Each structure stands twice: as C-alpha cells, then as structure tokens.
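What follows is the residue order along each chain.
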Amino acid sequence: MKDVNLVKPQGMDSLGRKFALVVFLAIVIAGFTVGYVVLSLQESITLEQQQQVIKQQAARYARQLDHDVLQKEQKAISANQVVARSLGLQRLNSSKSLTALADGSIRVQDDFSGAFVAVDAYTARTAAMFERTALIWQQLSPLMLHDFFNFYFIAKEQFIRISPSDWAMQVEVSHDFHKDLFYQIATPEQNPARQPRWTPVYYDDIWQKWMTSLIIPVYINDEFIGVTGSDYILDDILEKLPMADNVLQGSAFLFDDQGMVFGAQQQKPTDTPAMNTLYAGIKPGNQALQHYAVAVASHNGAGKTVIDVLPDYLISSAPVSRLNWHVAVYAEKSRVLTALDEFRSKLLLTFLLVALLVALMLQLVIYHFVLKRLNRLSAAINRLSRGDLQHAMLDNKHDEIGLLNQAFGRMSEEISELVSGLNERIEEKEAAERSARKLSKAVSFSSSGIVLTDQFLNIEYINPFLMEMLGGTDDHLRQPLNSLFAEEMHHVGEEIVQTLAERHHWRGDMLLQHQQRQLWVSLAIAPIRDDKGGITNYVCAMQDISFIKQSQKKMEQLAYYDVLTGLANRSYFRDQLRKAIAMSHRGYYNFALLYFDLDEFKRINDTLGHDAGDELLKEISKRLISRLREEDTIARLGGDEFAVILSGIKDRSQASAIAANLQQAFAAPVKLGNQEVSISASIGITVAPEDASEEELLLKHADLAMYEAKARGKNTFHFFSPDLNEAANERLLIENQLREAIREHQFLLYYQPKIDIRDNTIIGYETLLRWLRPDNTLVPPLRFISVAESTGLIVQIGEWIIWEACRFLSRQHSRGYNVSLSINLSVRQFNDDNLPEIVARILQRTGADPASVIFEITESMLMGDTDAAINQLNQLKRLGVSLSIDDFGTGYSSLSYLKRFPVDELKIDRSFVKDIPDDRNDMDIVAAIIAMAQKMNLRVVAEGVETAEQVEFLRKNACYQVQGYYFSMPLAEQELSRLNYVINS
C-alpha cells in the first residue's frame, strides 16, 4: 500500500474556487458603491480648503517681495543722498592726471570699483569725478553690494563709476550713456518729479544678465548732474519664489500688468540680445498659465472669469504694487487629490481583503469534505497511467466516493500483473548505448578547441567548444584549416604547412576570425598515424589567450598614455620631444613647445570635488585635440599641466595663431553636474632651435614663459625671452643669498619707537627686519621678502625675529623700561600650526613678558579660512600676548569678521595719515576708525606720522599712540639711547 500525492485542479478548474469567486465579486460590488458616494463628497471639501491655502500663499509672497523692494529703495535713496552731498561739497574741478589708453578711453580700477570716460569727455570736471567718486565708492560699495548686484553713478558728461569694476573695464569707448534705458528714465524730461524709478526688465550685454534697475537722479543746487543706479538681477528675484511643485504650498511664478510671465531666459551663444533689449517674457510649459496671466492683467486680478481660465488648477494671484507685477501660486487639482486617492486605494483594498477572506473560508470547507477525496482518486488514476503499479491508499467509506475508490483498487491490481516484466529488457538496451557515447563526449565536451583535419589540413570536425568560441556554425567543414585564421595571419598559415612537412608538429599563437569576431589562441598541431606509421589526420588543440593579449595591450597603454584623459603621458611626451629635437638638428623643420596650466583649477577641485575636476580635465582634453593637427603631439604631464609639440612651425606668428586658437577651446563654459564652470589657461611658448636645442632647456624656457603669462593676468600666452631667464636667475640668486644670510646671521633688527603724544614718552617699539650684506650694503625688504615668502624661508627668518625681539624686550625690562614690542607675522608664519608652540617656547626661554608682546597681522591673512584663523588667534591669546591688525582700512575691513577676531589693537595705515590735513576724506576715515576702535574697546595706533599737523589732528581725535618719522626713523638697538624722549618706566 502506498499513499498517493494529491494533484489539485489548477486555476478555475476547481469547483470550490468558482463558488468562492461568485461570493467575492458580490461583496466587492456592494463595497464600491458605498465608497464612491463617500469619496465624491470628500473631494469637494478638500478642493475648497486647498484654494484658501493657495490664496494665502500668494498674498504672503507678494508682501515679502514688496517689502524687499521697499528696503532696497530706502537703501538706494540713502546712497544717492551721500553721493549728491559728497559731490556738492566743493566745485568739481581738478587737474587731468590720468593717461589715456590705446583705445581712446580713461579707465581706472581699484579694489572697490572702476571708472570710465572717453578721452573726448575727459575734462577738469570729470577728472574731479574720478577722484571724488573713488573715495565715496570705497565707503558705499560694500554696503550696496550686500543688497544689489552692483552700484553705479553715470554723469551727464558720459562718466561712469561702478562697483564691481568689470562693466567699466569692458564698456566700448563709443558707448552713449544718454541712449541707455537706465539713464533716460531719470532725466528731467522723463522724471520731472525726481522720484526713484524702476526700469522695465532689460538685458545688459556686458553683465550678460536680465535685470531691472532702480534709477535715482542726482541734483546739486537744483542742477541735474547724473543718476545713481542699482541693478536687481531677474534670476535673484525668481529664486525667492518656490519653484518646485509642492502640493501643500503650490508653485509660484511672476508676471507683470501686461500679462508677461517672467522666467530664466536661455540664449544660445549666437543669440545674445543687444544692450537695453526689453524682456519679452517666457512661454510657460503650460500655456494655460500664460492665459491666466493675461486674464488677470485684463481683469485687474479679480472675478470668476479669471479662475475659469484654468479649470484643472487651483490658482490665486496677488499684486506687487511697487513693481506693477503679480505673484501667482497654483497647484494641480490632481496633485491636491493625491492624498484622497491614497484613501480611495486603502478603502478598495479593505473591501478586497474582506471579500477574499470570505471566499477563502468557503473554498476551504468545500475542499475538505469533497474535493480532497476526489483529488486523491484522480492522483491514483494518473500514477497508474504513468506505470506506477503499487496499490494506492484510498479511503473505503460507505458513501459514493468510497465505492468508487474500491472499484479502482481492483482494476489497478489486474494491470500491474501485465506490465511487471517489461523493465528488465529496457535496462539492458540502455547499458549498451552508454558505452558507445563515452568516447565522443570526451572530445565534444573538452575545455579546449579541437579540430580534426585530413592529411592535407582540410577540416573534417570542429568540436562544440571551438564553435562556441568562434560564435559560428559548421560552415568551415571541408574547408582548409587556414580558413579559420584572420586575414593578417595567412602568412603564418604558409609557415605552418612548411613546418608540418619538415617536422610534423607546429606550436604558436594564432589569431582566429569568424565574421566580425576575432580571438587569440595558443595553437598546437600534432599528427594521427595509422598502424603502418603513415599520417592519416592532424589534431589541432586551441586554448583561448585573448585575455593575455588584452593585458599586454593595456600595459602598453598604461606605460605611454594618461589613464584619465587618454592623452600621451610624460614619458611618451619626452620621447617625442627628443625625436623633434633630432629632426630639428637635421634641418627638417622648426617646432614650438607649448606649456599649459589651467587657471584656478585648484579652486574648482576644492569647491566641486575631485570627480568634477577629472571630468573637467577630460572635457578640456577633447577640446584641445579637436583644435590640433594630426602631426602635433599633446600630452598631460600631471595635474592640470599640459604640453603640446607643434611640428613644422615657420615663425612665431604661426605659433601665436595656433596658441590663440587653442585658447578658444576654453571660451565656452564646461558643464559639471548642475554647475557651469568657466576655465582659462596660461600658455608658455618656446621655439626650437631658435630659443634652445636641448631638451631640458626647452622645458625650462616653456615653464618660465608660462609663469610669465600667469603673472600678466592669466588667460593669455607668452613667448620665452632671455629677460625671463635673467629674472629667474635673479630670483634664484636672491634665494641662494637668503639661505647664506640665514647661515651667516646677516639679518639685523631695527626698532621704531611708539610714542604717547600726551606726554611724549616712548611706550613701545615696532620690530623691523634689515639685511646687511658682508659688503655693508643694505638689501631693501621689497627685494627679498617676496622670495622668502614664496620659498618658505620666511618661516625660519620669522622664528629668528621672534627670538631676537623677545631677547631685546627682556633687556629693556631688565633696565626698568616698561615698554611693549610689536612683531610682524608673515602669511606662511601665521598659517603654521606650530606657531603657538614656538612662541610659547621662546617666551619661556627668554623670560619675555607675554603681556608686552604684540603680534601684528594684516586683514588679508584672516580672510581665507576664517575658522582656522580664529583658532590660531585664540591659541596665541591663551599665551598672554596681544594681537594687532596692521594696515587697517586697506584690506577687507569687514566689521562682521572684526568682531569675531580676538584682537586688541588696530593700526591705521599710513596711506590714510599722510594726506592729513589736506584730504578731508582721509580725515573723516581716520576719525571713523578711531571712534569705532574706542567703541569696541580696542587700542588704536597711527603709523606714518610725519608732520605736527598730523600729530595735532590725532590728539584732538583721542588717538594718542603714534609712530613715524616725525618722531624717529627705525634705529638699531645701540642707537636708541640717542633719542630725546622719556622711556616709560
């Protein structure tokens, strides 16, 4: 007896499943009817609530933009009043001291702004404007640029002062400001009320931006002299709006009272609009939004007619009164109803689950009492039909199904007796067939490609493995063996025939080909002999070695080419350079060597990451290759350095033309992810054999020329000249002499007294470095400080200065003099992480009082990594020393940073002191610095004091600590005793 495996009916063949399906459908239909009524009512309520949210958001965005515009107007009006008051203090008349440029213009640029006027309009009046506005813009531009893109003054004499300075540096000489939209709108004819006015949105082809300008006329004594303006970039306005689709808050867009929609304009490089081109609006992706804007403009933003324009949206708008614009907020109804759709889905799922559970329960009951017994009988009949003669275990109950099981049991016993003897005969036949297949399988399933040929090398058999390797069919049967070979290997086929005739064996590498597929194999050919020793066939065994060949090719690629860009690497480039030099020596041609270095590449790498830097290098490589000739060689030497060998150069003008063409490869911005990056390159050029005919000299000359191109402002190219070599040699000479000076102790310290002008007592000194050569000549600091800074020697020199200065301070204190000592720190010295440790060690060993030591640093040293600078300052402060900002007012002068730095003292730069009392602006600036320092509880020191008038002015403004040639020049320690001042004790 053997139990049977049930075979259940599949799909809808089961009676239980059919009955369960009917019950399931009935429950689902009833549930859907109730759910539809509930959801329809909920949908109407949801849309009404969301419409109120959209209306509130539109009003809030409009209020925010109106408030922002009002603040900008108030700030611009204040700046306009400062300009008018400053220009009206004195008559505009000054000597013409500026020199015209080659293009017929007068252009001036400083750290804060730039100014421009055509030579024809350069008069004593405009000359005065150059001087006055420069001082005004130093004070106003940092404040105005915080809220506006720029700030400028345009005089009716065609003079402009603007910050940032780029516009003044790029404007055409022939430009007529009177025709500019942003000038005409404020003239007396256009604006007799003299009110601030916003221009329509227009395009500035110098800034290459769409903008609206706030223009305010400037009147002095009721005379119109020009306008002040500040630009508000359209993209900055649009960024204040939520443009991403948000179901709860909606998306927003701007349009004016004519229905014109604002958005970012996308121009091709060839479609750049002209100056003063009015903004024509954009076409929204959904035209219904455009129709809504027009409808609001025509109906003044009210009425059901406007809402009916967008039946599929919830939308509301609010006016921005100061710009005559509107802010619209909208949301798709379908998106709003998304949450309701989720509820509908959950309700549907609930009905389905309930219906499914009821149907399953009914199906299980029917299956257990009826269908299970029928399935067992069906499985027993199925096993019998497949030849399973064992008696099945079926129940023998006295119902209809039990009687049917008993009849089936008697029938299966009779069939088993007829079939029992057939199995032995089948097994005997299978054993004979297995032995015949073993030999053929050994060849067919070999892991090597096997080919059998006749004695003439005609193919008779190819095993499946080789067929799979070639990806072909049995077309090669009865073909010569060399039909498998690639075309370029047919000469090897002739060698094989000759070798087999002589030695009957052959082994080597072979390239096979079938249609478009090629692969390398290791081929071995051996003969098959008959009983008499005669050759009847050849057997060819093949192993795939394509991977080995590819690896060899990759090794060659890595040896001679850059992995990232695919360009030649330094090793291959040097080989090609030596070949070019050899060809030049033989008189075949001249050639030029170009060195590239990408400008500001490190900044891009640090900002966007190394992956973005790699993508930039690959894109630049593609552009350079597209602009070079086939005979030229381009290589990446490492990092962002490239080199090019231009073969067959006739003269420098041809090299210049090619270099200029290569620079055009950097003109278009490079797209890196979501960022567009502008890049440029500095190129150094040397020509062989004109400049040199030796490999190392050519590389050195090209490198010098490249650094000269960087020194000239970058984004240019420069040819090598002997002067560059002399400058490099001079710099190298100074560097070597500096190292000797450090070894031989040729440096001296001079000390300039710091005077308290209330009682003319010496309260301290400033330490100054001097270099005295063995021939008693003094080397000016301007000549060697920059070299020491760039080579890093300044760190060693700076540590020596601290040692000597602290020893000097200890000697002064031991004599009873209560004086302080100021020590200047260099950039490299300040950035050295070991500086606090070095200072602490020197203070301990010299016994100098930390409270009397003042370290002077410049503003520019603090403006890089401000967090690191603050950490360094705090470590120095913990040692007990004081900190002073030197040359205050000439650098960044950011009050927001100043209050974060733990400084004790400000030193007013001599450039502000030297023109006192002649320059009123300098006097105001000095007075302001003194007042600010006193408010911040900082000491203030004035340097560069040279006249009694300057001393008196500083005394009146409560600046009592001064230094300068009026009191004493810097002196050696032994000369300090000659001073006629009392030393503080």
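These figures come from a predicted structure and were not determined experimentally.

**Student:** Would you mind showing me how to read the overall build of the chain here?
**Tutor:** When its secondary structure is counted, the chain shows 29 helices and 35 strands. Going through the 985 residues of the chain one by one, you find that 45% of them count as buried. Residue pairs in contact within the chain that sit at least 24 positions apart in sequence constitute 64% of those at least 6 positions apart. As displayed, the chain offers around 52800 Å² of accessible surface, 52% of which is attributable to carbon and sulfur atoms.

**Student:** Hey, could you run me through the pairing of strand 29 (residues 820-824) in this one?
**Tutor:** Regular strands have side chains that alternate between both faces of the sheet. Where burial is concerned, most of strand 29 is hidden: four out of the five residues are buried. Pairing geometry for strand 27 (residues 761-772) and strand 29, over three bridges, is parallel. Within the sheet, the bridge partner assigned to glutamate 766 lies in strand 29 and is serine 822. Looking at chain direction, strand 29 and strand 30 (residues 853-858) are connected through four bridges and run parallel. The residue of strand 30 that forms the bridge with asparagine 824 is glutamate 856.

**Student:** Help me understand the pattern of salt bridges, please; the structure alone is not making it clear to me.
**Tutor:** Pairs may arise between side chains of opposite charge once their charged atoms sit close together. Summed over all chains, the structure comprises 25 salt bridges. For glutamate 157, the salt bridge goes to arginine 125, with nearest N and O atoms at 2.7 Å. Taken together, the residues span a long stretch of sequence, with glutamate 157 in the loop between strand 3 (150-155) and strand 4 (160-163) and arginine 125 in helix 2 (residues 124-144) at a distance of 32 residues. Arginine 623 is the partner of glutamate 619 in a salt bridge, and the nearest nitrogen-oxygen pair spans 3.1 Å. With glutamate 619 and arginine 623 both in helix 17 (residues 610-626) and four residues apart, this pair spans about one turn of that helix. For glutamate 619, a relative accessible area of 28% puts it in the partly exposed group. One continuous salt-bridge network, built from bridges that share partners, spans Glu766, Glu856, Lys907 and Glu943.

**Student:** What should I look at first to understand the environment of aspartate 180 in this one?
**Tutor:** Turning to its location among the elements, aspartate 180 is positioned in the loop between helix 3 (166-170) and helix 4 (181-184). Spatially, the C-alpha atom of aspartate 180 lies 8.1 Å from that of methionine 275, the residues being 95 residues apart in sequence. Ignoring any residue separated from it by four or fewer positions in sequence, one finds aspartate 180 in contact with His175, Met275 and Asn276. A polar side-chain atom of aspartate 180 sits 2.9 Å from a polar atom in the side chain of asparagine 276.

**Student:** Before we go on, may I ask you to explain the nonpolar core in this structure?
**Tutor:** Soluble globular proteins tend to bury their nonpolar side chains together. Residues Leu738, Phe747, Tyr765, Ile802, Phe855 and Leu954 are the most contacted members of the largest nonpolar core, which totals 80 residues. Of the residues forming this core, the biggest block, 10 residues, is contributed by helix 22 (residues 793-814). Not counting residues within four places of it along the chain, the set of residues in contact with leucine 954 comprises Ile757, Val926, Ile930, Ala942, Val945, Cys959 and Val962. Among the nonpolar cores identified, the runner-up in size contains 62 residues, and Phe130, Ile136, Ile216 and Leu337 belong to it.

**Student:** Would you take a moment to explain unusual backbone geometry for this structure?
**Tutor:** Geometrically, the link from serine 163 to proline 164 is a cis peptide bond, its omega value of 0 degrees lying close to zero. Between isoleucine 916 and proline 917 the backbone carries a cis peptide bond, its omega angle lying at 5 degrees. Backbone geometry places glutamine 158, a non-glycine residue, at a positive phi of 70 degrees. Structurally, glutamine 158 is set in the loop between strand 3 and strand 4. Residue classification places glutamine 158 among the buried positions, given a relative accessible area of 18%.

**Student:** Help me understand the confidence of the model for the chain, please; the structure alone is not making it clear to me.
**Tutor:** Where the model shows low pLDDT, its predicted coordinates should not be examined in detail. Here the chain shows a mean pLDDT of 81. Residues at 70 or above account for 88%. Here residues 244-248 scores under 50 on pLDDT; set against residues more than four positions off or in separate chains, the count is 11 contacts.

**Student:** Would you take a moment to explain the sheet that holds strand 18 (residues 535-544) for this structure?
**Tutor:** Sheet strands pair via backbone hydrogen bonds, and the direction of the pair is either parallel or antiparallel. Taken in spatial order, the five strands of this open sheet run 15-14-18-17-16, and their pairing is antiparallel. Sheet topology places strand 15 (459-462) and strand 16 (506-514) at the edges, where each strand pairs with a single neighbour. Here the strands of the sheet are splayed against their neighbours by 30 degrees on average, with no regard to which way each runs. Sheet topology note: the strand 16/strand 17 (residues 517-529) ladder contains nine bridges and is antiparallel. Paired with leucine 512 across the bridge in strand 17 is leucine 519. In this fold helix 13 (residues 490-503) packs onto strand 16, strand 17 and strand 18, with an angle of close to 145 degrees to the strand it touches most, strand 16.

**Student:** Before we go on, may I ask you to explain the sheet that holds strand 19 (residues 591-598) in this structure?
**Tutor:** Taken in spatial order, the five strands make up an open sheet running 20-21-19-24-25, and their pairing is mixed. The open sheet is flanked by strand 20 (633-638) and strand 25 (717-719), the only strands paired with a single partner. Across the sheet, the mean angle from the axis of one strand to that of its neighbour is 20 degrees, orientation sign disregarded. Here strand 24 (residues 681-688) pairs with strand 25 via three bridges, running parallel. Note that in strand 25 the partner of isoleucine 683 across the bridge is phenylalanine 717. In the packing of helix 18 (residues 652-663) onto the sheet, the strands contacted are strand 19, strand 21 (641-647), strand 24 and strand 25, and the crossing angle to strand 25 comes to about 160 degrees.

**Student:** I'm lost on the side chain of serine 647 in this one. Help?
**Tutor:** Secondary-structure assignment places serine 647 in strand 21. Residue classification places serine 647 among the buried positions, given a relative accessible area of 14%. For serine 647, the contacting residues outside a window of four places in its chain are Tyr589, Asn590, Phe591, Arg629, Glu631 and Asp632.

**Student:** Would you mind showing me how to read the packing of aromatic side chains here?
**Tutor:** The way to describe two aromatic rings as a pair is by their centre distance and the angle between their planes. Summed over the entire model, instances satisfying the criterion amount to 30 aromatic pairs. For the pair tryptophan 137 and phenylalanine 151, a centre-to-centre distance of 4.7 Å together with 15 degrees between the ring planes defines the contact as stacked. Note that tryptophan 137 is positioned in helix 2 and phenylalanine 151 in strand 3, a separation of 14 residues in sequence. Aromatic pair phenylalanine 262 and tryptophan 325: ring centres 4.4 Å apart, planes at 35 degrees, arrangement tilted. Of this pair, phenylalanine 262 sits in strand 10 (residues 261-262) while tryptophan 325 sits in strand 13 (residues 325-332), placing them 63 residues apart in sequence. For phenylalanine 262, a relative accessible area of 4% gives the class buried. Aromatic ring contacts, followed pair by pair, group Phe116, Tyr152, Trp167, Phe177, Phe182 and Tyr202 into a single cluster.

Definitions and cut-offs
Residues numbered from 1 in each chain as written. Predicted model: local features only at pLDDT ≥ 70, side-chain atom pairs only at ≥ 80, totals over all residues. Heavy atoms only, no water. Helix = DSSP H or I, 4+ residues; strand = E, 2+ residues; numbered from the N terminus. Buried < 20%, exposed > 50% of the residue type's maximum accessible area, 1.4 Å probe, protein only. Contact = heavy atoms within 4.5 Å. Areas by Shrake-Rupley, 256 points an atom, 1.4 Å probe, with all protein chains shown as cover. Pairing = 2+ DSSP bridges. Salt bridge = Lys/Arg side-chain N within 4 Å of Asp/Glu carboxyl O. Polar contact = N/O pair within 3.5 Å; in protein donor to acceptor, adjacent residues only side chain to side chain. Core = buried A, V, L, I, M, F, W, Y, C linked by side-chain atoms within 4.5 Å. pLDDT = per-residue confidence, 0-100. Axes fitted to C-alpha atoms, helices over the stretch in contact; angles between N-to-C directions. Phe/Tyr/Trp six-rings, centres within 6.5 Å; stacked < 30°, edge-to-face > 60°.

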